[in-house]
Amino acid sequence: MNNPLGVFLTCLASISTQAVAGLDTQICNNSDLKVSYQECFALVDIYNSTNGQTWHKQENWGDLPIENWFGVKVENNRVVSISLPNNNLDGNLPHSINSLSYLKTLIADNNRLQGVLSENIGFISNLERVSLSHNMIKGKLPRSLFEASSLNYLDLSNNQLNQDLPNFSNSPKAALLTLKLANNQITGVLPDSFSQSARISFLDLSNNLLSGEIPNNLCSMCSEVLLAHNAFNGELPEHTAAEYMYSISLQNNEIYSQASNLSKEISAAGVRIDISENELFGSYTSNLSNRGNSKNTIDYKNQRSHSLDIRSIALNGPGTLKAINTDSLNRRIFQLIPFENANLTSITGCNGKLEGNMYFLPQSQQSCSVEVNFDDCQGQSCIFDFGKTANVPNVSLETPKSNRLISGVVQLRGWFKDEQQALKSAKKPAIYAKIDDAAPIEINIGNLRSDVYKAMKINNSTTPIGWNLLFYSGNLSNGQHELEIYSEDGVLINKETFTAFTIQSSTEQSEKQYINQSYPHVTVNDFPYANSSVELAFNTAEQNFSIISQIDASGKQTRSKRQWFSGSPKSINNGSLINGTPAIKIEYPNKNQDATGVISIRGWHYNTESASEDIELFIKIDDEAPIPTSRVSRPDVLAALNKDQSSQRVGWSTLFYSGNLGNGLHRIRLLKKSGSQYEVLAEDSFTSFTANNKSGEIQYFSDLKKEIEVDDFPFSGSTATLSFDTAGQNFSIVKQKLTN
């Protein structure tokens, strides 16, 4: 492992003494200077005002020519671009930036810029693009930015802007096309100038503190308007959806008008209107027309009035609908979403067909009535019934179960086969797990589960239905807990009460910590059948005792040294070190940790090319076909990398059973897809072991029961009880007795 101090000192040595101490404006008097003195002074001022000596990258700053300074672009002896995203700029942008009169592009996203912007920054006559998102800029937006004659792109989202928007002049020379101001603290009402603007085509003001009524003819040339999560009130504007608009989001405001205000016809394809979580009431007849295979959607779920009628559909009780029009299916579709503690009791009319939580109306029905009734569960199950395929439930929660205890690192797992998933969301399907009163955890549905498809008598399906979540029982108190599983649209699809147990890890009373120490191997006789014995080793990755070898009834050792792949074992990691932690890692299994039983093959991958994007990853064992992984949150890894906790789902995992492999040495590779080819990101080898049955065949033991006691684990005076876990095919720690 690299010495972090040595790396740091090496980096310091590569930086000029002048840069470490801050730049001297004297460089701008150099006779070899090609740009103007004012431009040079402004750049030096930016460097010194934003702690340039602590930037991640500062190559050549302080050495002529200026065109070689990192992030600076010079054309015809004029500074035309400054691009310093993700570079640890810390401080204020100085007013001298206004001197960069030929500047076209200013990009400094994901830094620590503070203070307020210069009121005259919009007067930089050639400025075309300003992107300063994810900083700490506060105060009021300069009016000049809205009136600039060249600026067409402005992104100040995810800052701390905390005053009213300026009421700017709508000059025909104003060039602004894209305006992104989401996730600030902007207050006040929308100025009338927004409804008069003839140029803006994309407007995002979501997640602010804006209030008042939305102006009529808002953003008349916009194709997309995002105003969700504010406090807008009053009635819907007369023309909520303009002629050119493809998407408008008014989710989670305080709009209380009749839904009939949405009846303006839109002839474009792929239109989406989101007015969910408001206070609409009355009836609504959709005039949205579809073209080609594009979907037009009106999302009006969770209306606080609970009395919305759509297309002559009577909605009664604590639930909601989401209308989906799909011309390619030649049908009208409604998605049924019960509220918490409610369930669908009936849906009738229009010769519709209920599939999962989707109700399909035949196109032939033009004038008819549908009645939908939701009701409180009243002590009965609130779980939505998604039916069965070949007598196999389309929804299953395999682990945990009420009759099983979870201990150590376990996989909460199951499957969800939703026939209509493609209609509900364009992104990868997901479910949400909620334990007790904790916040829900998003879980990708990324495992194929060929075993489940086989039981359903479905061949050659490539649609993932399995899910798993790596979970450590030590995050819960010992005792009983409740797990609820929700679909992506908020429907309760499963619920289970389970018991969690984590052993006390030291003599300190009630101390529960992850155990990293080794422990002597344990022999279990007459397992998995009479006269056979297995050897257990404490698995620090799984926090259980794994079966690592077996002596069968004939005295034969079933652990194998056979190598199942060609070539020599290798350890490859193509990721860089960040803060002393590898950006890419195959965490488990590896050459030091066997794969035994049902495990979660896992690791992490931090995408250094895009801090907000988690790419699709695959694992490949030996020469088998690549297996897709699920991307999961790993706050522990992000903390080690010293990265923003919301930046990426850096973790990856997939459920795997060692019995699918022969006993012996195997190769594992982490891949990403590049076109039709796969690129190897990391490689390691591991030993796989699965116990044999009486016939000498590898077997999944589904009905075995076995408990043993292990003395002096994890410390002297502690006796741990191990129990064979059929779900994990290893031994879990289920009890502890202290003798001191």
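Residues numbered from 1 in each chain as written. Predicted model: local features only at pLDDT ≥ 70, side-chain atom pairs only at ≥ 80, totals over all residues. Heavy atoms only, no water.

Novice: What am I meant to see in the sheet that holds strand β46 (residues 598-605) here?
Specialist: Strand pairing in a sheet relies on backbone hydrogen bonds, with the paired strands running either antiparallel or parallel. If you trace the 4 strands from one edge of the open sheet to the other, you get β44-β46-β50-β49, paired in antiparallel fashion. Two strands lie at the open edges of the sheet, namely β44 (584-588) and β49 (630-632), each paired on one side alone. The average undirected angle you get between the axes of adjacent strands in this sheet is 30°. Looking at chain direction, β46 and strand β50 (residues 651-657) are connected through 7 bridges and run antiparallel. Within the sheet, the bridge partner assigned to R602 lies in β50 and is S653. (Pairing = 2+ DSSP bridges. Helix = DSSP H or I, 4+ residues; strand = E, 2+ residues; numbered from the N terminus. Axes fitted to C-alpha atoms, helices over the stretch in contact; angles between N-to-C directions.)

Novice: Just checking my understanding: could you explain the confidence of the model for the chain for this structure?
Specialist: The predicted structure's coordinates, where accompanied by low pLDDT, should not be read in detail. Here the chain averages 81 in pLDDT, while 81% of its residues score no lower than 70. Here residues 325-331 is modelled with pLDDT under 50, and outside its nearest four sequence neighbours on either side it reaches 21 contacts, counting other chains as well. (pLDDT = per-residue confidence, 0-100. Contact = heavy atoms within 4.5 Å.)

Novice: Help me understand the state of the cysteines, please; the structure alone is not making it clear to me.
Specialist: One covalent bond between the sulfur atoms of two cysteine residues makes up a disulfide. Within the structure shown, the criterion is met by 2 disulfides. The disulfide partner of C28 is C40, and the S-S distance across this bridge is 2.0 Å. Between C28 and C40, the S-S dihedral sits near -80°, and the bridge is therefore left-handed. Of the two residues, C28 is situated in the loop between α2 (17-20) and α3 (37-49) and C40 in helix α3; the sequence distance between them amounts to 12 residues. We classify C28 as buried; its relative accessible area is 4%. Judged by relative accessible area, C40 falls into the buried class, the value being 0%. Between the sulfur atoms of C377 and its disulfide mate C382 the distance is 1.8 Å. (Disulfide = S-S within 2.5 Å. Buried < 20%, exposed > 50% of the residue type's maximum accessible area, 1.4 Å probe, protein only.)

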